[in-house]
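Residue-level structure breakdown
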Amino acid sequence: MEFTQEVRKATDPIYQKISKVIPEIEWSVHAPYIHKINKLKKEKNAVILAHNYQTPEIYHGVADFSADSLALAIEASKTSADIILMAGVHFMAETAKLMSPNKKVILPDMDAGCSLSSSITGKDVRLLKEKYPGVPVVSYVNTSAEVKAETDVCCTSANAVKIVKSLGVKKVIFLPDDYLAKYVASQTDVEIISWKGICIVHDQFNKKEIEDIRKNNPGIKIIAHPECPPDVIEASDFAGSTSGMIKYVKDNQPKKVMMVTECSMSDNIQIENPNVDFVKPCNMCPHMKKITLPKILDCLENETGEIIMDKETIDKARISVERMAAIGR
């Protein structure tokens, strides 16, 4: 892949946007892939959806839509493209397929998984429903289609509290993130029956780290994802989903901020908020980082990594996602 004058000219507007977070020497490697991917997706009538945790060259370079899990699920249902390429992890590609069952959904690396999704199976949910008959099941979108098929309604970190409150019940089975379940319990009067799943990225943060950051950076605003441990959330100034964190920075424009979440997100949001100084923790998601520009190009060229599910699973699982989308944020 050569960094020709044609490639330089075509990709320069993108680089000007993200030059503060990607050195020029790296850009000469990324730009040829970005140029070819952007040409190829037009030829194939493909759309690329990217999660907030993708690296800047993907998030700002080739994505047609960049967002959190809920917005990506909704966007998947609205696209008129023939092919949906998910620059994210496996459960996100499955969710896109649920919302667009007649479209080809492809994933650049089928091993891009999720510690939360892998922590629970459909059988686990069925056993919980036997143990707690009549108690509605709310499953985080970070779950497999098999789990969603056993679920009454899905949620994301953006709308978990709203979803639980909307059910109007005293008790809910909430799966699989134990920390998010504790956060929801703290924000509602509903009894939460939780699962012991964790996000391997957010679980690494601790209260002492937050206190040390605050001590060394007077006046800093610390905003945490609700997948973090409860003491981290308590030590932070604000807790919210990826979209909620982005909105906080955009609306408040703090002089200095730390986003307690996956580290690529700080790079992506810094680009859109140049007047904010970001203190960047670097807890990376090893699954998200499996998605790279070369893999995206190969996936798009050869249409590999297609998400295949049987109609029964799609039909059952889609109901819980559609209910989530209908309730919204």
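Everything in this summary refers to the structure shown in the same document. (Residues numbered from 1 in each chain as written. Predicted model: local features only at pLDDT ≥ 70, side-chain atom pairs only at ≥ 80, totals over all residues. Heavy atoms only, no water.)

**Remarks on the overall build of the chain**
Looking only at helices and strands, the chain has 15 helices and twelve strands in total. Against the 2.2 N^0.38 benchmark of 20 Å for 329 residues, the chain shows a C-alpha radius of gyration of 20 Å, consistent with a compact globule. For the C-alpha atoms alone, the extent of the chain along its principal axes is close to 65 × 55 × 30 Å. Out of the 329 residues belonging to the chain, those deemed buried represent 57%. (Helix = DSSP H or I, 4+ residues; strand = E, 2+ residues; numbered from the N terminus. Rg over C-alpha atoms; globule rule 2.2 N^0.38 Å. Buried < 20%, exposed > 50% of the residue type's maximum accessible area, 1.4 Å probe, protein only.)

**Focus on the sheet that holds strand β5 (residues 137-140)**
The parallel open sheet is built from four strands, whose spatial order is β6-β5-β7-β8. Edge positions in the sheet fall to β6 (153-155) and β8 (191-194), since each of these pairs with one other strand and no more. The average angle at which neighbouring strand axes cross in this sheet is 30°, direction not considered. Bridge count for β5 against β6 is three bridges, and the pairing is parallel. Counted as the bridge partner of Tyr-140 is Cys-155 from β6. Along the sheet face, helix α9 (residues 178-187) touches β5, β7 (171-175) and β8 and points at about 175° away from the line of β8. (Pairing = 2+ DSSP bridges. Axes fitted to C-alpha atoms, helices over the stretch in contact; angles between N-to-C directions. Contact = heavy atoms within 4.5 Å.)

**What to know about the pattern of salt bridges**
Applying the stated criterion across every chain yields a total of 19 salt bridges. Here Lys-316 makes a salt bridge to Glu-150, at a shortest N to O gap of 4.0 Å. Of this pair, Lys-316 sits in helix α15 (residues 311-327) while Glu-150 sits in the loop between α7 (145-148) and β6, and the two are 166 residues apart along the sequence. Look at Lys-316 and you get partly exposed, because its relative accessible area is 36%. (Salt bridge = Lys/Arg side-chain N within 4 Å of Asp/Glu carboxyl O.)

**Regarding the packing of aromatic side chains**
Counted according to the given criterion, the structure contains two aromatic pairs. On the basis of an interplanar angle of 25° and a centroid distance of 4.9 Å, the ring pair of Phe-238 and Tyr-248 is categorised as stacked. Remark: Tyr-248 occurs in helix α12 (residues 242-252) and Phe-238 occurs in strand β10 (residues 238-239); sequence separation between them is ten residues. Classification of Phe-238 as partly exposed rests on a relative accessible area of 27%. Residue Tyr-248 is classed as buried on the basis of its relative accessible area, which comes to 14%. (Phe/Tyr/Trp six-rings, centres within 6.5 Å; stacked < 30°, edge-to-face > 60°.)

**Some points on the pairing of β5**
Across the two faces of β5 the burial is the same, with Val-137 and Ser-139 and Val-138 and Tyr-140 all buried. Of the strand pairs in this sheet, β5 and β7 are connected by three bridges, and their pairing is parallel. Counterpart to Ser-139 in the pairing with β7 is Leu-175.

**Description of the sheet that holds strand β3 (residues 83-87)**
Sheet strands line up and pair through hydrogen bonds in the backbone, either parallel or antiparallel. Spatially, the four strands line up as an open sheet ordered β2-β1-β3-β4, and their pairing is parallel. Each end of this open sheet is capped by a strand with a single partner; those strands are β2 (65-67) and β4 (104-106). Within the sheet, the average angular offset between the axes of one strand and its neighbour, ignoring direction, is 20°. As judged from the five bridges shared by strand β1 (residues 46-51) and β3, these two strands associate in the parallel manner. Of the residues in β3, the one forming a bridge with Val-47 is Ile-84.

**Some details on the nonpolar core**
Core analysis: the largest hydrophobic core is formed by 107 residues, its most contacted members being Phe-174, Met-258, Val-260 and Ile-296. Counting residues per element, this core draws most heavily on helix α5 (residues 90-99), which supplies six residues. Ile-296 has contacts with Ile-37, Ile-48, Ile-58, Val-62, Leu-85, Ala-87, Pro-108 and Ile-291, leaving out every residue within four places of it along the chain. (Core = buried A, V, L, I, M, F, W, Y, C linked by side-chain atoms within 4.5 Å.)

**Structural notes on unusual backbone geometry**
Of note, the bond from Leu-175 into Pro-176 is cis; its omega dihedral lies within 30 degrees of zero at -15°. Counting through the fold element by element, Pro-176 comes out in the loop between β7 and α9. For Asn-45, which is not glycine, the phi dihedral falls at a positive 50°. With respect to the helices, strands and loops of the structure, Asn-45 is situated in the loop between α2 (24-43) and β1. The phi dihedral of Glu-303 falls on the positive side, at around 55°, and the residue is not glycine.

**Looking at the side chain of His-225**
Structurally, His-225 can be placed in the loop between β9 (221-224) and α11 (230-235). Polar side-chain contacts of His-225 include one of 3.3 Å to the side chain of Ser-157. In this view, His-225 contacts Tyr-53, Tyr-140, Ser-157, His-202, Ile-233, Gly-240, Ser-241, Thr-242, Met-245, Val-260 and Thr-261; residues no more than four positions away in its chain are not counted. (Polar contact = N/O pair within 3.5 Å; in protein donor to acceptor, adjacent residues only side chain to side chain.)

**Overview of the packing of α5 against α15**
The interhelical angle for the contact between α5 and α15, taken along N-to-C directions, is 95°, at an axis separation of 9 Å. As summarised for this structure, α5 and α15 are arranged roughly perpendicular, according to the angle between their axes. For the pair α5 and α15, contact is made by Thr-95, Lys-97, Leu-98 and Met-99 and by Thr-313, Ile-314, Ala-317, Arg-318, Val-321 and Glu-322, respectively. A per-class count over the contact of α5 with α15 returns five nonpolar, two polar and three charged. (Parallel < 35°, antiparallel > 145°, perpendicular 65-115°, else oblique. Nonpolar A, V, L, I, M, F, W, Y, C, P; charged D, E, K, R; others polar.)

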